[in-house]
There are 2 protein chains.
Amino acid sequence: MTDQEKNTEQKILEAASRVFLRKGMAGARMQEIADEAGINKSLLHYYYRNKDKLFISVFRLAIQDFLPGILHILNSGIPIFQKLERFIHEYMRVLIDNPFVPMFILHELQRDPDRLFQVFKDAGIEPSRFIKEFEASVKKGEVRNIDPRHLIVNVLSLCIFPIAARPMMQRVLFDNDARAYEAFLKEREAVVSEFVINAIQP
Amino acid sequence: MTDQEKNTEQKILEAASRVFLRKGMAGARMQEIADEAGINKSLLHYYYRNKDKLFISVFRLAIQDFLPGILHILNSGIPIFQKLERFIHEYMRVLIDNPFVPMFILHELQRDPDRLFQVFKDAGIEPSRFIKEFEASVKKGEVRNIDPRHLIVNVLSLCIFPIAARPMMQRVLFDNDARAYEAFLKEREAVVSEFVINAIQP
DNA sequence: GTCTATATCGGGATAGAC
DNA sequence: GTCTATCCCGATATAGAC
(Lines give C-alpha, C1' and ligand atoms only; values in the text may rest on other atoms or scores of the structure.)
Protein backbone atom coordinates (compact mmCIF):
# COMPACT_ATOMS: atom_id res chain seq x y z
CA MET A 1 0.00 0.00 0.00
CA THR A 2 1.53 3.29 -1.09
CA ASP A 3 1.53 6.42 1.05
CA GLN A 4 -0.85 8.08 -1.35
CA GLU A 5 -3.26 5.17 -1.08
CA LYS A 6 -3.16 5.18 2.67
CA ASN A 7 -3.83 8.87 2.77
CA THR A 8 -6.81 8.70 0.48
CA GLU A 9 -8.27 5.70 2.28
CA GLN A 10 -7.81 7.52 5.54
CA LYS A 11 -9.33 10.72 4.19
CA ILE A 12 -12.36 8.78 2.97
CA LEU A 13 -12.85 7.05 6.29
CA GLU A 14 -12.65 10.30 8.22
CA ALA A 15 -15.02 12.07 5.85
CA ALA A 16 -17.42 9.13 5.94
CA SER A 17 -17.30 9.15 9.73
CA ARG A 18 -18.36 12.74 9.92
CA VAL A 19 -21.22 12.28 7.47
CA PHE A 20 -22.49 8.92 8.74
CA LEU A 21 -22.27 9.97 12.37
CA ARG A 22 -24.45 13.00 11.73
CA LYS A 23 -26.90 11.63 9.19
CA GLY A 24 -26.94 7.90 9.80
CA MET A 25 -26.67 5.17 7.17
CA ALA A 26 -29.95 6.04 5.42
CA GLY A 27 -29.49 9.80 5.52
CA ALA A 28 -25.88 9.90 4.34
CA ARG A 29 -25.14 10.56 0.65
CA MET A 30 -22.14 9.12 -1.13
CA GLN A 31 -21.79 12.44 -2.95
CA GLU A 32 -21.59 14.31 0.34
CA ILE A 33 -18.91 11.95 1.62
CA ALA A 34 -16.92 12.41 -1.57
CA ASP A 35 -17.19 16.19 -1.33
CA GLU A 36 -16.19 16.11 2.33
CA ALA A 37 -13.13 14.05 1.42
CA GLY A 38 -12.32 16.32 -1.52
CA ILE A 39 -12.40 13.46 -4.03
CA ASN A 40 -14.60 11.94 -6.68
CA LYS A 41 -17.59 9.75 -5.95
CA SER A 42 -16.17 6.84 -7.94
CA LEU A 43 -13.16 6.68 -5.71
CA LEU A 44 -15.37 5.69 -2.83
CA HIS A 45 -16.34 2.60 -4.77
CA TYR A 46 -12.74 1.94 -5.66
CA TYR A 47 -11.71 1.71 -2.01
CA TYR A 48 -14.91 0.41 -0.47
CA ARG A 49 -16.97 -1.49 -3.00
CA ASN A 50 -20.32 -0.15 -1.83
CA LYS A 51 -22.04 2.04 0.71
CA ASP A 52 -22.69 -0.79 3.12
CA LYS A 53 -19.05 -1.83 3.36
CA LEU A 54 -18.04 1.78 3.93
CA PHE A 55 -20.67 2.08 6.63
CA ILE A 56 -19.53 -1.03 8.44
CA SER A 57 -15.97 0.27 8.45
CA VAL A 58 -17.15 3.49 10.04
CA PHE A 59 -19.29 1.65 12.57
CA ARG A 60 -16.41 -0.59 13.56
CA LEU A 61 -14.09 2.37 13.85
CA ALA A 62 -16.54 4.28 16.03
CA ILE A 63 -16.70 1.37 18.44
CA GLN A 64 -12.98 0.68 18.47
CA ASP A 65 -12.17 4.29 19.18
CA PHE A 66 -14.56 4.10 22.04
CA LEU A 67 -14.28 0.94 24.04
CA PRO A 68 -10.62 0.23 24.83
CA GLY A 69 -9.93 3.00 27.34
CA ILE A 70 -13.21 2.30 29.07
CA LEU A 71 -12.70 -1.43 29.33
CA HIS A 72 -9.24 -0.92 30.71
CA ILE A 73 -10.65 0.97 33.68
CA LEU A 74 -13.51 -1.46 34.29
CA ASN A 75 -11.12 -4.39 34.38
CA SER A 76 -8.53 -2.72 36.59
CA GLY A 77 -8.12 -3.79 40.19
CA ILE A 78 -8.79 -0.49 41.98
CA PRO A 79 -11.48 -0.15 44.68
CA ILE A 80 -15.10 0.24 43.62
CA PHE A 81 -15.76 3.89 44.43
CA GLN A 82 -12.51 4.98 42.87
CA LYS A 83 -13.24 2.86 39.83
CA LEU A 84 -16.64 4.47 39.38
CA GLU A 85 -15.12 7.93 39.66
CA ARG A 86 -12.40 7.19 37.16
CA PHE A 87 -14.78 5.53 34.78
CA ILE A 88 -17.21 8.46 34.80
CA HIS A 89 -14.39 10.95 34.38
CA GLU A 90 -12.74 9.13 31.51
CA TYR A 91 -15.96 8.15 29.78
CA MET A 92 -17.35 11.66 29.77
CA ARG A 93 -14.10 12.98 28.35
CA VAL A 94 -14.30 10.51 25.47
CA LEU A 95 -17.96 11.35 24.92
CA ILE A 96 -17.33 15.08 24.81
CA ASP A 97 -14.61 14.49 22.22
CA ASN A 98 -16.89 12.23 20.15
CA PRO A 99 -20.32 13.71 20.63
CA PHE A 100 -21.99 12.06 17.66
CA VAL A 101 -20.93 8.52 18.43
CA PRO A 102 -23.61 7.63 21.00
CA MET A 103 -26.64 8.61 18.91
CA PHE A 104 -25.07 7.01 15.89
CA ILE A 105 -24.56 3.67 17.62
CA LEU A 106 -27.98 3.71 19.27
CA HIS A 107 -29.82 4.65 16.10
CA GLU A 108 -28.09 2.14 13.87
CA LEU A 109 -28.31 -0.59 16.46
CA GLN A 110 -32.06 -0.10 16.47
CA ARG A 111 -32.21 -0.28 12.68
CA ASP A 112 -30.30 -3.54 12.35
CA PRO A 113 -29.67 -5.00 15.82
CA ASP A 114 -28.36 -8.47 15.09
CA ARG A 115 -25.89 -7.75 12.34
CA LEU A 116 -24.45 -4.65 13.96
CA PHE A 117 -24.29 -6.07 17.44
CA GLN A 118 -21.94 -8.67 16.06
CA VAL A 119 -19.44 -5.88 15.44
CA PHE A 120 -19.93 -4.90 19.04
CA LYS A 121 -19.33 -8.36 20.39
CA ASP A 122 -16.18 -8.72 18.31
CA ALA A 123 -14.77 -5.69 20.09
CA GLY A 124 -15.13 -7.64 23.35
CA ILE A 125 -17.50 -6.18 25.92
CA GLU A 126 -17.79 -8.15 29.13
CA PRO A 127 -19.54 -6.66 32.15
CA SER A 128 -19.72 -9.86 34.20
CA ARG A 129 -16.47 -9.19 36.03
CA PHE A 130 -17.64 -5.78 37.19
CA ILE A 131 -21.01 -7.23 38.22
CA LYS A 132 -19.38 -9.87 40.42
CA GLU A 133 -17.02 -7.33 41.91
CA PHE A 134 -19.89 -5.01 42.76
CA GLU A 135 -21.94 -7.79 44.29
CA ALA A 136 -19.00 -8.57 46.56
CA SER A 137 -18.93 -4.93 47.68
CA VAL A 138 -22.63 -5.11 48.49
CA LYS A 139 -22.06 -8.18 50.65
CA LYS A 140 -19.25 -6.45 52.50
CA GLY A 141 -21.67 -3.59 53.20
CA GLU A 142 -19.49 -1.01 51.43
CA VAL A 143 -22.37 0.05 49.22
CA ARG A 144 -26.14 0.10 49.41
CA ASN A 145 -27.89 -2.99 48.13
CA ILE A 146 -28.65 -2.21 44.52
CA ASP A 147 -28.69 -4.52 41.51
CA PRO A 148 -25.37 -3.86 39.74
CA ARG A 149 -27.09 -3.94 36.39
CA HIS A 150 -29.24 -1.02 37.45
CA LEU A 151 -26.12 0.78 38.55
CA ILE A 152 -24.41 0.16 35.22
CA VAL A 153 -27.44 1.42 33.30
CA ASN A 154 -27.68 4.44 35.60
CA VAL A 155 -24.06 5.42 35.12
CA LEU A 156 -24.21 5.00 31.36
CA SER A 157 -27.48 6.95 31.24
CA LEU A 158 -26.04 9.86 33.19
CA CYS A 159 -22.96 10.00 30.97
CA ILE A 160 -24.39 9.35 27.53
CA PHE A 161 -27.82 10.95 27.50
CA PRO A 162 -26.72 14.56 28.06
CA ILE A 163 -24.46 14.24 25.01
CA ALA A 164 -26.97 12.44 22.82
CA ALA A 165 -29.79 14.80 23.74
CA ARG A 166 -27.71 17.94 23.48
CA PRO A 167 -29.72 19.45 20.60
CA MET A 168 -32.78 19.32 22.83
CA MET A 169 -31.31 20.03 26.27
CA GLN A 170 -29.19 22.95 25.14
CA ARG A 171 -32.25 24.64 23.69
CA VAL A 172 -34.63 23.87 26.52
CA LEU A 173 -32.37 24.60 29.46
CA PHE A 174 -29.73 26.98 28.09
CA ASP A 175 -31.49 29.05 25.47
CA ASN A 176 -29.32 27.35 22.85
CA ASP A 177 -26.14 28.83 24.29
CA ALA A 178 -23.39 26.43 23.17
CA ARG A 179 -20.72 27.79 25.49
CA ALA A 180 -23.00 27.47 28.49
CA TYR A 181 -23.81 23.87 27.61
CA GLU A 182 -20.13 22.99 27.24
CA ALA A 183 -19.49 24.38 30.70
CA PHE A 184 -22.47 22.40 31.95
CA LEU A 185 -21.03 19.18 30.51
CA LYS A 186 -17.64 19.91 32.03
CA GLU A 187 -19.31 20.37 35.44
CA ARG A 188 -21.03 17.04 35.05
CA GLU A 189 -17.82 15.05 35.40
CA ALA A 190 -17.87 15.94 39.09
CA VAL A 191 -21.64 16.24 39.47
CA VAL A 192 -22.35 12.75 38.16
CA SER A 193 -19.65 11.16 40.32
CA GLU A 194 -21.04 12.84 43.39
CA PHE A 195 -24.63 11.99 42.44
CA VAL A 196 -23.87 8.32 41.92
CA ILE A 197 -21.74 7.95 45.01
CA ASN A 198 -24.36 9.62 47.18
CA ALA A 199 -26.99 7.37 45.69
CA ILE A 200 -25.21 4.12 46.51
CA GLN A 201 -23.75 5.03 49.89
CA PRO A 202 -25.23 2.70 52.51
CA MET B 1 -64.99 15.61 6.58
CA THR B 2 -66.72 12.25 6.16
CA ASP B 3 -66.24 9.31 8.51
CA GLN B 4 -64.46 7.41 5.79
CA GLU B 5 -62.04 10.24 5.24
CA LYS B 6 -61.28 10.57 8.90
CA ASN B 7 -60.63 6.88 9.18
CA THR B 8 -58.25 6.79 6.25
CA GLU B 9 -56.38 9.86 7.39
CA GLN B 10 -56.09 8.32 10.84
CA LYS B 11 -54.96 5.00 9.46
CA ILE B 12 -52.26 6.72 7.44
CA LEU B 13 -51.02 8.71 10.40
CA GLU B 14 -50.81 5.65 12.60
CA ALA B 15 -49.06 3.62 9.92
CA ALA B 16 -46.66 6.48 9.22
CA SER B 17 -45.92 6.77 12.93
CA ARG B 18 -44.88 3.17 13.18
CA VAL B 19 -42.63 3.37 10.14
CA PHE B 20 -41.07 6.78 10.81
CA LEU B 21 -40.48 5.99 14.46
CA ARG B 22 -38.54 2.87 13.59
CA LYS B 23 -36.70 3.99 10.48
CA GLY B 24 -36.49 7.76 10.77
CA MET B 25 -37.32 10.28 8.05
CA ALA B 26 -34.52 9.20 5.70
CA GLY B 27 -34.98 5.47 6.21
CA ALA B 28 -38.75 5.36 5.86
CA ARG B 29 -40.30 4.42 2.52
CA MET B 30 -43.62 5.75 1.31
CA GLN B 31 -44.43 2.32 -0.09
CA GLU B 32 -43.90 0.74 3.31
CA ILE B 33 -46.20 3.27 4.92
CA ALA B 34 -48.87 2.62 2.31
CA ASP B 35 -48.60 -1.14 2.83
CA GLU B 36 -48.75 -0.72 6.59
CA ALA B 37 -51.92 1.36 6.19
CA GLY B 38 -53.40 -1.13 3.72
CA ILE B 39 -53.87 1.50 1.02
CA ASN B 40 -52.33 2.75 -2.17
CA LYS B 41 -49.20 4.86 -2.33
CA SER B 42 -50.97 7.67 -4.17
CA LEU B 43 -53.42 8.10 -1.34
CA LEU B 44 -50.60 9.25 0.87
CA HIS B 45 -50.06 12.14 -1.47
CA TYR B 46 -53.75 12.84 -1.61
CA TYR B 47 -53.94 13.39 2.15
CA TYR B 48 -50.45 14.71 2.82
CA ARG B 49 -48.99 16.35 -0.25
CA ASN B 50 -45.49 15.01 0.25
CA LYS B 51 -43.25 12.99 2.52
CA ASP B 52 -42.05 15.98 4.46
CA LYS B 53 -45.54 17.13 5.42
CA LEU B 54 -46.41 13.62 6.51
CA PHE B 55 -43.26 13.45 8.56
CA ILE B 56 -43.93 16.74 10.31
CA SER B 57 -47.42 15.54 11.23
CA VAL B 58 -45.95 12.41 12.78
CA PHE B 59 -43.29 14.39 14.62
CA ARG B 60 -45.86 16.78 16.02
CA LEU B 61 -48.08 13.88 17.07
CA ALA B 62 -45.22 12.09 18.81
CA ILE B 63 -44.52 15.18 20.87
CA GLN B 64 -48.13 15.94 21.66
CA ASP B 65 -48.78 12.41 22.81
CA PHE B 66 -45.83 12.76 25.07
CA LEU B 67 -45.67 16.08 26.82
CA PRO B 68 -49.10 16.90 28.29
CA GLY B 69 -49.21 14.35 31.11
CA ILE B 70 -45.64 15.12 32.04
CA LEU B 71 -46.11 18.88 32.11
CA HIS B 72 -49.19 18.50 34.22
CA ILE B 73 -47.21 16.82 36.97
CA LEU B 74 -44.29 19.25 36.77
CA ASN B 75 -46.61 22.22 37.13
CA SER B 76 -48.69 20.76 39.94
CA GLY B 77 -48.35 22.11 43.47
CA ILE B 78 -47.32 18.96 45.33
CA PRO B 79 -44.11 18.78 47.43
CA ILE B 80 -40.80 18.28 45.66
CA PHE B 81 -39.96 14.68 46.59
CA GLN B 82 -43.46 13.52 45.85
CA LYS B 83 -43.40 15.38 42.56
CA LEU B 84 -40.18 13.69 41.53
CA GLU B 85 -41.57 10.30 42.41
CA ARG B 86 -44.78 10.86 40.49
CA PHE B 87 -42.95 12.29 37.52
CA ILE B 88 -40.56 9.35 37.27
CA HIS B 89 -43.38 6.87 37.66
CA GLU B 90 -45.61 8.48 35.07
CA TYR B 91 -42.83 9.26 32.61
CA MET B 92 -41.46 5.75 32.61
CA ARG B 93 -44.92 4.37 32.01
CA VAL B 94 -45.34 6.59 28.95
CA LEU B 95 -41.88 5.66 27.72
CA ILE B 96 -42.51 1.95 28.06
CA ASP B 97 -45.71 2.38 26.05
CA ASN B 98 -43.95 4.43 23.38
CA PRO B 99 -40.49 2.96 23.24
CA PHE B 100 -39.52 4.33 19.83
CA VAL B 101 -40.40 7.95 20.53
CA PRO B 102 -37.22 8.98 22.38
CA MET B 103 -34.72 7.80 19.76
CA PHE B 104 -36.92 9.18 17.04
CA ILE B 105 -37.04 12.65 18.55
CA LEU B 106 -33.37 12.70 19.42
CA HIS B 107 -32.24 11.47 16.03
CA GLU B 108 -34.43 13.81 14.02
CA LEU B 109 -33.64 16.75 16.26
CA GLN B 110 -29.98 16.20 15.51
CA ARG B 111 -30.64 16.06 11.77
CA ASP B 112 -32.58 19.32 11.59
CA PRO B 113 -32.46 21.05 14.98
CA ASP B 114 -33.89 24.48 14.29
CA ARG B 115 -36.88 23.59 12.19
CA LEU B 116 -37.95 20.64 14.32
CA PHE B 117 -37.37 22.35 17.62
CA GLN B 118 -39.96 24.88 16.57
CA VAL B 119 -42.53 22.08 16.74
CA PHE B 120 -41.27 21.42 20.23
CA LYS B 121 -41.58 24.98 21.37
CA ASP B 122 -45.10 25.23 20.00
CA ALA B 123 -46.09 22.39 22.30
CA GLY B 124 -45.04 24.57 25.23
CA ILE B 125 -42.20 23.27 27.38
CA GLU B 126 -41.28 25.48 30.28
CA PRO B 127 -38.95 24.18 32.99
CA SER B 128 -38.37 27.55 34.69
CA ARG B 129 -41.15 27.05 37.21
CA PHE B 130 -39.73 23.74 38.38
CA ILE B 131 -36.24 25.24 38.54
CA LYS B 132 -37.38 28.05 40.84
CA GLU B 133 -39.35 25.67 42.99
CA PHE B 134 -36.36 23.38 43.38
CA GLU B 135 -34.04 26.27 44.24
CA ALA B 136 -36.42 27.24 46.99
CA SER B 137 -36.23 23.70 48.39
CA VAL B 138 -32.45 23.91 48.38
CA LYS B 139 -32.57 27.16 50.36
CA LYS B 140 -34.90 25.61 52.90
CA GLY B 141 -32.39 22.79 53.27
CA GLU B 142 -34.86 20.12 52.23
CA VAL B 143 -32.52 18.82 49.55
CA ARG B 144 -28.80 18.75 48.93
CA ASN B 145 -27.37 21.74 47.07
CA ILE B 146 -27.41 20.65 43.44
CA ASP B 147 -28.03 22.72 40.32
CA PRO B 148 -31.63 21.94 39.35
CA ARG B 149 -30.68 21.72 35.70
CA HIS B 150 -28.32 18.88 36.53
CA LEU B 151 -31.13 17.21 38.42
CA ILE B 152 -33.51 17.57 35.47
CA VAL B 153 -30.94 16.13 33.08
CA ASN B 154 -30.19 13.32 35.51
CA VAL B 155 -33.82 12.31 35.89
CA LEU B 156 -34.47 12.44 32.15
CA SER B 157 -31.30 10.45 31.51
CA LEU B 158 -32.26 7.72 33.95
CA CYS B 159 -35.74 7.42 32.45
CA ILE B 160 -35.08 7.79 28.73
CA PHE B 161 -31.72 6.15 28.13
CA PRO B 162 -32.65 2.59 29.20
CA ILE B 163 -35.49 2.70 26.66
CA ALA B 164 -33.52 4.29 23.86
CA ALA B 165 -30.55 2.00 24.36
CA ARG B 166 -32.60 -1.14 24.80
CA PRO B 167 -31.23 -2.91 21.70
CA MET B 168 -27.77 -2.62 23.21
CA MET B 169 -28.47 -3.03 26.92
CA GLN B 170 -30.75 -6.01 26.51
CA ARG B 171 -28.04 -7.83 24.62
CA VAL B 172 -25.12 -6.85 26.80
CA LEU B 173 -26.73 -7.33 30.18
CA PHE B 174 -29.56 -9.80 29.60
CA ASP B 175 -28.36 -12.08 26.85
CA ASN B 176 -31.06 -10.58 24.61
CA ASP B 177 -33.86 -11.90 26.81
CA ALA B 178 -36.81 -9.57 26.09
CA ARG B 179 -38.91 -10.74 29.04
CA ALA B 180 -36.06 -10.19 31.44
CA TYR B 181 -35.49 -6.69 30.12
CA GLU B 182 -39.16 -5.81 30.47
CA ALA B 183 -39.06 -6.91 34.09
CA PHE B 184 -35.90 -4.86 34.50
CA LEU B 185 -37.65 -1.74 33.14
CA LYS B 186 -40.61 -2.32 35.42
CA GLU B 187 -38.28 -2.52 38.41
CA ARG B 188 -36.70 0.75 37.41
CA GLU B 189 -39.77 2.80 38.27
CA ALA B 190 -38.94 2.22 41.92
CA VAL B 191 -35.17 1.92 41.50
CA VAL B 192 -34.79 5.29 39.79
CA SER B 193 -36.97 7.07 42.34
CA GLU B 194 -34.94 5.63 45.17
CA PHE B 195 -31.67 6.36 43.42
CA VAL B 196 -32.54 9.98 42.78
CA ILE B 197 -33.97 10.63 46.21
CA ASN B 198 -30.93 9.11 47.91
CA ALA B 199 -28.69 11.22 45.71
CA ILE B 200 -30.30 14.53 46.63
CA GLN B 201 -30.99 13.90 50.30
CA PRO B 202 -29.01 16.42 52.37
C1' DG C 1 -61.68 9.11 -2.47
C1' DT C 2 -59.32 5.48 -4.42
C1' DC C 3 -57.08 3.19 -7.90
C1' DT C 4 -53.49 2.24 -12.16
C1' DA C 5 -50.14 3.99 -14.85
C1' DT C 6 -46.44 6.90 -15.56
C1' DA C 7 -43.34 10.82 -15.19
C1' DT C 8 -39.34 12.54 -12.86
C1' DC C 9 -35.48 12.56 -10.20
C1' DG C 10 -31.85 11.42 -7.10
C1' DG C 11 -28.38 8.50 -5.84
C1' DG C 12 -25.69 4.13 -5.83
C1' DA C 13 -22.96 1.69 -8.82
C1' DT C 14 -20.21 0.66 -13.16
C1' DA C 15 -17.41 1.33 -17.63
C1' DG C 16 -13.65 2.99 -19.50
C1' DA C 17 -10.15 6.65 -20.60
C1' DC C 18 -6.00 8.49 -18.75
C1' DG D 1 -5.31 5.64 -8.54
C1' DT D 2 -8.21 9.11 -10.22
C1' DC D 3 -11.27 11.11 -13.29
C1' DT D 4 -15.73 11.73 -16.64
C1' DA D 5 -19.62 9.86 -18.34
C1' DT D 6 -23.30 6.93 -17.86
C1' DC D 7 -26.26 3.30 -16.40
C1' DC D 8 -30.01 1.74 -13.68
C1' DC D 9 -32.95 1.24 -10.01
C1' DG D 10 -35.77 2.73 -6.43
C1' DA D 11 -38.52 6.18 -4.53
C1' DT D 12 -41.18 10.42 -4.69
C1' DA D 13 -44.54 12.55 -7.00
C1' DT D 14 -48.24 13.43 -10.61
C1' DA D 15 -51.91 12.46 -14.23
C1' DG D 16 -56.01 10.76 -15.11
C1' DA D 17 -59.65 7.09 -15.12
C1' DC D 18 -63.34 5.40 -12.30
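Preceding block: the structure.
This write-up is about the structure you can find in this document. (Residues numbered from 1 in each chain as written. Chains lettered and ligands numbered in written order. Predicted model: local features only at pLDDT ≥ 70, side-chain atom pairs only at ≥ 80, totals over all residues. Heavy atoms only, no water.)

Things to note about the state of the cysteines
Next up, step 1: The final tally for this structure, using the stated rule, is zero disulfides over all chains.
Next up, step 2: Between Cys159(A), a free cysteine, and Cys159(B), which holds the nearest cysteine sulfur, the sulfur-to-sulfur gap is 16 Å. (Disulfide = S-S within 2.5 Å.)

Considering the interface of chain A and chain B
Next up, step 1: Taken together, the contact pairs 52 residues of chain A with 52 residues of chain B.
Next up, step 2: Summing the contributions of chain A and of chain B, the shared interface buries around 4,900 Å²; its carbon and sulfur component is 73%.
Next up, step 3: Taken together, the connections running from chain A to chain B amount to four salt bridges.
Next up, step 4: Residues Asp114(A) and Arg171(B) are paired through a salt bridge, measuring 2.7 Å at the closest nitrogen-oxygen approach.
Next up, step 5: Between chain A and chain B we count eleven residue pairs in polar contact (both at pLDDT 80 or more) in total. (Contact = heavy atoms within 4.5 Å. Buried area = accessible area lost by both parts, 1.4 Å probe. Salt bridge = Lys/Arg side-chain N within 4 Å of Asp/Glu carboxyl O. Polar contact = N/O pair within 3.5 Å; in protein donor to acceptor, adjacent residues only side chain to side chain.)

Structural notes on the packing of aromatic side chains
How two aromatic rings sit relative to each other is given by the distance of their centres and the angle of their planes.
All names here are of chain A.
Next up, step 1: The final tally for this structure, using the stated rule, is 25 aromatic pairs over all chains.
Next up, step 2: Between the aromatic rings of Phe174 and Tyr181, the centroid separation amounts to 5.6 Å while the plane-to-plane angle is 80°, which identifies the pairing as edge-to-face.
Next up, step 3: Judged by relative accessible area, which is 10%, Phe174 ranks as buried.
Next up, step 4: Judged by its relative accessible area of 0%, Tyr181 is buried.
Next up, step 5: Members of the aromatic cluster, joined through ring pairs, are Phe20, Phe55, Phe59 and Phe104.
Next up, step 6: Against the face of Phe55 rests Arg111, its NZ or CZ located 5.5 Å from the ring centre. (Phe/Tyr/Trp six-rings, centres within 6.5 Å; stacked < 30°, edge-to-face > 60°. Buried < 20%, exposed > 50% of the residue type's maximum accessible area, 1.4 Å probe, protein only. Lys NZ or Arg CZ within 6 Å of the ring centre and 35° of its normal.)

Let's talk about the packing of helix 4 (residues 51-64) of chain A against helix 7 (residues 101-111) of chain A
Residue and element names in this part refer to chain A.
Next up, step 1: Put simply, helix 4 and helix 7 touch, their axes get as near as 11 Å, and they point 130° apart. Taken together, the axis directions place helix 4 and helix 7 in an arrangement best described as oblique. Like other packed secondary-structure pairs, helix 4 and helix 7 cross with a definite hand, here left-handed. Across from Phe55, Val58, Phe59, Ala62 and Ile63 in helix 4, the residues of helix 7 making contact are Val101, Phe104, Ile105, Glu108, Leu109 and Arg111.
Next up, step 2: Looking at the contact of helix 4 with helix 7, its residues break down into nine nonpolar, no polar and two charged. (Axes fitted to C-alpha atoms, helices over the stretch in contact; angles between N-to-C directions. Helix = DSSP H or I, 4+ residues; strand = E, 2+ residues; numbered from the N terminus. Parallel < 35°, antiparallel > 145°, perpendicular 65-115°, else oblique. Left-handed = near helix turned anticlockwise from the far one by under 90°. Nonpolar A, V, L, I, M, F, W, Y, C, P; charged D, E, K, R; others polar.)

Observations concerning the nonpolar core
Most often, soluble globular proteins have nonpolar side chains that are buried together.
Next up, step 1: In terms of nonpolar packing, the biggest core is built from 152 residues, with Phe20(A), Phe195(A), Phe20(B) and Phe195(B) touching the most fellow members.
Next up, step 2: Dropping the residues within four chain positions of it, Phe20(B) is found in contact with Met25(B), Ala28(B), Ile33(B), Lys51(B), Leu54(B), Phe55(B), Val58(B) and Phe104(B). (Core = buried A, V, L, I, M, F, W, Y, C linked by side-chain atoms within 4.5 Å.)

Observations concerning the pattern of salt bridges
Next up, step 1: Counted under the stated rule, the structure contains 28 salt bridges over all chains.
Next up, step 2: Here Glu142(B) and Lys140(B) are joined by a salt bridge, their closest N and O atoms 3.6 Å apart.
Next up, step 3: Glu142(B) gets classed as partly exposed once you look at its relative accessible area, which sits at 34%.
Next up, step 4: Taking the relative accessible area as the measure of exposure, Lys140(B) reaches 62% and is therefore exposed.
Next up, step 5: Salt bridges here are not isolated pairs; linked through shared partners, they connect Asp52(A), Asp112(A) and Arg115(A).

Considering unusual backbone geometry
When glycine is set aside, most residues are seen to have a negative phi, and most peptide bonds are trans.
Residues and elements named next belong to chain B.
Next up, step 1: One non-glycine residue with positive phi stands out, namely Asp175, at about 55°.
Next up, step 2: With respect to the element layout, Asp175 can be found in the loop between helix 11 (166-174) and helix 12 (178-200).
Next up, step 3: At Asn176, a residue that is not glycine, the phi angle is positive and equals roughly 60°.
Next up, step 4: By the element assignment, Asn176 lies in the loop between helix 11 and helix 12.
Next up, step 5: Take Asn176: its relative accessible area is 35%, and that puts it in the partly exposed class.

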